[in-house]
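Single-letter residue listing:
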Amino acid sequence: MSSLSKDLMFLIMQFCDEENLKKTAHMLEQESGYFFNMKYFEELVLDGNWDEAEKYLSSFTVAEDNKYSTKIYFEIRKQKYLEALDKHEFHTALDILKKDLKVFAQSNEELYKEMAQLLALDDLRENDSLALYGDTLTARKGLLGDLRSIIEANPLLQGKTRFPQIKKSRLRRLVNQSLNWQHVLCSRPHWQPHIDTLFTDHKCPGSDNMQAQLSSLPPSPVAVEWPRERDSSTDSLVTIRNHEALSDQALAGEGRLYVDVESTEHINEEEVSQAVISTRCQASRNEPPIEFPSTVERVLDIGSSMTSMDFHPVHEALLLVGKLSGDVEIWDVAAYKKLFRREFVVKSFMDKMDKNHSISVTRVLWSLDGSLFGVAYSKNELHLYYKNGNSFEKKLEIDAHIGSVNDIAFSIANKILVVISCGDDKLIKVWGAASGAKLYTFEGHEDPVYSLCPGLKRNIHFLFSISISGEIKVWLFDNEGSRVAYCAPGSCRTRMACGNKRVFLCGTEENGESYLVEWNENEGSIVRNYQLLSKCSSTVVQFNTCLDRFLAAGDEHLIKIWDMDSDELLAVIDADGGLQASPYICFSKKGNLLAVSAVDNRIKILANDSGRRFLKEAAFDFGDSAKCVTESFGNLSVGSSPFPCQGVAGGNGTMGGEILDPMWITEPKGREETTNNMEATNVSKIVEVSRCQSMLLTSEVKTNLIRRLVYTHTGNGILALAEDGTHLLWRWAKSGEATMKCAPRLWQPRSGLLMTNDLPDKSGDVVTPCLSLSKNDSYLISSSGRVISLYNLLGFKNMRNVMPSPPAATCLLFYPPDNNIIAIGMDDSTILIYNIRVDERISKLKGHSKRISGLAFSTNLNVLISCGVDTEIVLWDSITWEKKKSTVLQISVGWMASDLSETNVELDNDQQHFLAVHETQLAIYETATLRRVKQWTIANFCTRISHATYSCDSRVVYAAMRDGILLILGAADLAPRIEIDPSSYLPPHLSCYVDPLVVAAHPHKPEQFALGLSNGGVVVIEPEESQGQWTIKNHLES
């Protein structure tokens, strides 16, 4: 079936759905095989309509097609079988076992026998693997979660689960356009045309042949429309319009004019050409979407021609620029200020004497977390610069390739950060970012390699490479050679970008003809060809993706914009004129800013509304923000994910999120196997991006990073412990509880005392601050690496100091039944149970291998839960203090826990489960058994988790990410439901460089939580007053 026929089929499906012809629409979905309606399929599963679900599924795939299809059918029939057993319908269950499940016995005889043995049980939950089997609806919801992931991975269903983005009533609109066109050709058009049928062309009474119609077009034509049925949800459209209704906009409307095939022979080519031109003009008149950065806010004069640029992944104001002269610069675009500049130094005497010698920058790129950047040059070299104090210094200078280094990319290979380069010598090389050692050399291209694009799927890192002849190869980080080879649509220089699990290619032929397509990397075929790129470009067209929704390309002195789901040009921007013929374009990570190259060595910065506010109020200080720009270079091997957040993906070798599952993805040899048979919940789609109301707590006491944060048990105060050992206590004395309606007061006794912990003598020692409040909020135990101090909170008096280091205390907790007893986690991996009143040790617990980072008492179960940086979780009897059980957090392949990685634990309300928080994941465990029941990993997010906590009712989890994004996850399934951007809770002058480090939840108000910040501040957050609470949709509604 042709592409247009396929489009027509989708329009008919849309029409049937809008007309409430649901059964007809589903029949068409099945017969055409174009669209797998997940919503309808999920309804069938939830209703237990198993036969209808299998019938619908069979129109797209059968059980024998592949392993994914087999798994889908097996899971459906298994659930059908379990439900029959649960209802004690044993005859039905036996029938299902013999007829439906027998076909799977050959591939897994043991599993089939185990399922047969369930018939002998009075309750299927007597089987250990089904002990947690709940009610029918919960089981079906769990099944849906598994089916979604399998369906998305099934290559036979890929691309079929997403309905094309079509404007409402598109088919009706096309018919109306046709009627308008027919009415234009009437020689005597009536003012109130009457449409009786669509079976024949419309003609007003008195119209003669077509020639007469063309020679006597009416002076004031009107528009006609296909009349709608009036219903309760929508009014019928007006059928008569004024003269303006038939302007170019009315005719071009939402796309190209559709003309009946028979009518085209009567219309000359000039008229048809004019209709196409009208479409192009219409795009130029369209306003770009409001969220697209389209207004020129800054113009930077950089002094010489630029060749490459890249926005910092964390700080939107920082723009890295590479130049034709070989210079590298960093600009603060908010302040029009150049912060950093380095020239290329020619070392060779012969090169210095060569008058024709010139070296230019071919590519600049920030690393994954922005702590270093790479520079590729037109002759041989690759340089890496890393953050050192208030500036960047050259860390590595690598003689990478013979000839030009054409592109670079950052990724993760075998758990270490790597930089990848390609060049004119037809090679691709992988270098350790910290050491500069060459790890791999990929050979196989027959022409110079032009561009790179890293990818990630199922925690497997891989790489796309494209040669100047358009040959695409895929590599894993091993020595096995390329996995796949494709040919790009054009045999030319091509770049690739990935966004929202989709791949896009853009290239320019030698004759100047350019193309921009969506690419199916599984089949090596074009999904969509975006229209109206230049046919005579003098240079390679540059493109980029924005917000996982838009494509933008610099072409014909313009910025052309497409919606990813439509091949038609959406809008164009001239940026007030003066752009280069094929301007370079680069989006900031959040998509609020767009940098574009202009003539006369200028860069224009375009912004949307959020970007304008940011530029107006941002005051970026390169020195003060050093702590936010970089982490230790030595820890880069365990840094954040190599892929930007979903906000923006670059067309320059960086990818936003994972792509669809390619058939060539296989696990590298030697990869660790996961032993837990429960799959982790890993929902990357955010249900809602939300705003909030926030209150920044003020303090006259200057501190640094807030490392620990708690509410008082009464809920009327917040206590913070800073890195320098200073405690800050805010109280809401008037209201009696923490509220947004009035500001709290920083509490200080009349004596002027401050609660300040002693710090280690050696400034280089790693300090792990810790504290715990007594149940009556009267006493505080706290430590910052030296001694444990007991404070009276009323007068801030230091009652006593105990347990001087070494070893240092790293975690503290009051024993709930007796405030005189505390649990102390130590730096030497032991746990002390200590009576602080009589200064006596009760017990010493040994079971960890590294320092303790988390403790939690369950008085209901009489146990103590402990965890350490070794990721081990241990369960202790709190009466005998004996070790009962232990387990280890499973860190996903591709991630590594550093020595500074903390694991924290927190019990839920009923103490039957607890939340484990690690920088790579959140997990929920059964307290008594230490069995993991839920898990969410950061595979699809750009940075690691700073901290997370339950709300007071244990319904949601508040998590702070290292890039400042806040996530609110449903505790029932640990799936992200709400995302909050830093600009929503921090003032503009802080949101660009201040990050949250710790989260605390209000003890009585589930919707309120507080954040400890990297600048020593504390901010309290609630939903906007109009909402009153966070709207957490369940998994199915999302």
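As the structure is a prediction and not an experimental result, all values here were calculated from the model.

Undergrad: Got a minute to help me understand the overall build of the protein in this structure?
TA: Tallying secondary structure elements over the protein gives 18 helices and 58 strands in all. The proportion of buried residues among the 1038 residues of the protein is 56%. Intrachain contacts of the protein at a sequence separation of at least 6 include 55% that bridge at least 24 residues.

Undergrad: Help me understand unusual backbone geometry, please; the structure alone is not making it clear to me.
TA: With the exception of glycine, the majority of residues adopt a negative phi angle, and the majority of peptide bonds are in the trans configuration. Between Ser-805 and the following residue, Pro-806, the backbone shows a cis peptide bond with an omega angle of -5 degrees. Inspection of the secondary structure assignment puts Pro-806 in the loop between β39 (797-802) and β40 (809-815). The residue after Pro-806, namely Pro-807, is reached through a cis peptide bond having omega -10 degrees. The residue Pro-807 is located in the loop between β39 and β40 in this model. Even without being a glycine, Asn-862 presents a positive backbone phi close to 55 degrees. Relative to the helices and strands, Asn-862 resides in the loop between β44 (852-858) and β45 (863-868). The class for Asn-862 is partly exposed, based on a relative accessible area of 34%. At Leu-974, a position not held by glycine, the phi torsion is positive, near 50 degrees. On the secondary structure map, Leu-974 appears in the loop between β54 (966-970) and β55 (975-980). We classify Leu-974 as buried; its relative accessible area is 0%.

Undergrad: Explain helix α1 (residues 3-18) to me, please; I cannot follow it from the model alone.
TA: One turn of an α-helix holds 3.6 residues; hence residues three or four places apart share an orientation. Taking 1.5 Å per residue, 16 residues should reach 22 Å; α1 reaches 23 Å between its end C-alpha atoms and fits that length. Of all the residues in α1, the buried ones are Met-9, Phe-10, Leu-11, Met-13, Gln-14 and Cys-16. Asn-20 sits one or two positions beyond α1 and adopts a positive phi of about 65 degrees.

Undergrad: What's the story with the packing of α1 against helix α9 (residues 170-184) in this structure? I'm lost.
TA: Think of two packed helices as two axes; the pair is described by the angle between the axes and how far apart they sit. α9 packs onto α1 with a crossing angle of 110 degrees between their chain directions and a minimal axis gap of 8 Å. One element, α1, and the other, α9, form an angle in the roughly perpendicular class. The segment α1 lies against α9, with Leu-8, Leu-11, Gln-14 and Phe-15 engaging Arg-170, Leu-171, Arg-172 and Leu-174. Residues belonging to the contact of α1 with α9 are distributed by class as follows: 5 nonpolar, 1 polar and 2 charged.

Undergrad: Explain the UniProt feature "repeat: WD" (unreviewed entry) in the protein to me, please; I cannot follow it from the model alone.
TA: Here the UniProt feature "repeat: WD" (unreviewed entry) sits at residues 398-441 and 845-877. Summarising residues 845-877: 0% helix, 64% strand, and an end-to-end C-alpha distance of 11 Å.

Undergrad: Explain the sheet that holds strand β3 (residues 318-323) here, please?
TA: Strand pairing in a sheet is mediated by backbone hydrogen bonds. Such pairs are either parallel or antiparallel. With respect to topology, 4 strands assemble into an open sheet ordered β2-β3-β4-β5, the strand pairing being antiparallel. Every interior strand has two partners, whereas the edge strands, β2 (306-311) and β5 (337-342), have only one. Neighbour to neighbour, the strand axes of the sheet diverge by 20 degrees on average, direction disregarded. Bridge count between strand β4 (residues 328-332) and β5: 5 bridges; the pairing is antiparallel. Bridging from a neighbouring strand, Trp-331 pairs with Lys-338 of β5.

Undergrad: Please clarify how the packing of aromatic side chains should be interpreted in this entry.
TA: Any two aromatic rings considered together are summarised by their centre-to-centre distance and by the angle between their planes. Evaluation of the coordinates by the stated rule reveals 33 aromatic pairs. Look at Tyr-56 and Phe-60: their rings are 5.4 Å apart centre to centre, the planes differ by 55 degrees, and that puts the pair in the tilted class. Residue class for Tyr-56 comes out buried when judged on its relative accessible area of 1%. Centre to centre, the rings of Phe-442 and Trp-475 are 5.0 Å apart; their planes meet at 5 degrees, and the pair counts as stacked.

Undergrad: Which parts of the structure should I look at to understand the packing of helix α5 (residues 67-86) against helix α6 (residues 90-99)?
TA: At their nearest, the axes of α5 and α6 sit 8 Å apart, and the two run at 160 degrees to each other. Considering their axes alone, α5 and α6 lie roughly antiparallel with respect to each other. Note that α5 runs across α6; the crossing there is left-handed. Counted together, Arg-77, Lys-80, Tyr-81, Ala-84 and Leu-85 of α5 and Phe-90, Thr-92, Ala-93, Ile-96 and Leu-97 of α6 form the full contact between these two elements. Looking at the contact of α5 with α6 residue by residue, the class counts come to 7 nonpolar, 1 polar and 2 charged.

Undergrad: Mind showing me how you'd approach the pattern of salt bridges here?
TA: Side-chain pairs of opposite charge can arise whenever the charged atoms involved come near each other. Across all of its chains, the model carries 41 salt bridges by this definition. For Arg-172, the salt bridge goes to Glu-19, with nearest N and O atoms at 3.2 Å. In this pair, Arg-172 sits in helix α9 while Glu-19 sits in the loop between α1 and α2 (22-32), placing the two residues 153 residues apart along the sequence. A relative accessible area of 6% means that Arg-172 is categorised as buried. One continuous salt-bridge network, built from bridges that share partners, spans Lys-323, Asp-327, Glu-329, Lys-338, Arg-341 and Glu-343.

Conventions adopted
- Residues numbered from 1 in each chain as written.
- Predicted model: local features only at pLDDT ≥ 70, side-chain atom pairs only at ≥ 80, totals over all residues.
- Heavy atoms only, no water.
- Helix = DSSP H or I, 4+ residues; strand = E, 2+ residues; numbered from the N terminus.
- Buried < 20%, exposed > 50% of the residue type's maximum accessible area, 1.4 Å probe, protein only.
- Contact = heavy atoms within 4.5 Å.
- Expected span 1.5 Å × (residues − 1).
- Axes fitted to C-alpha atoms, helices over the stretch in contact; angles between N-to-C directions.
- Parallel < 35°, antiparallel > 145°, perpendicular 65-115°, else oblique.
- Nonpolar A, V, L, I, M, F, W, Y, C, P; charged D, E, K, R; others polar.
- UniProt positions renumbered as here; feature names shortened; annotations may be inferred.
- Pairing = 2+ DSSP bridges.
- Phe/Tyr/Trp six-rings, centres within 6.5 Å; stacked < 30°, edge-to-face > 60°.
- Left-handed = near helix turned anticlockwise from the far one by under 90°.
- Salt bridge = Lys/Arg side-chain N within 4 Å of Asp/Glu carboxyl O.

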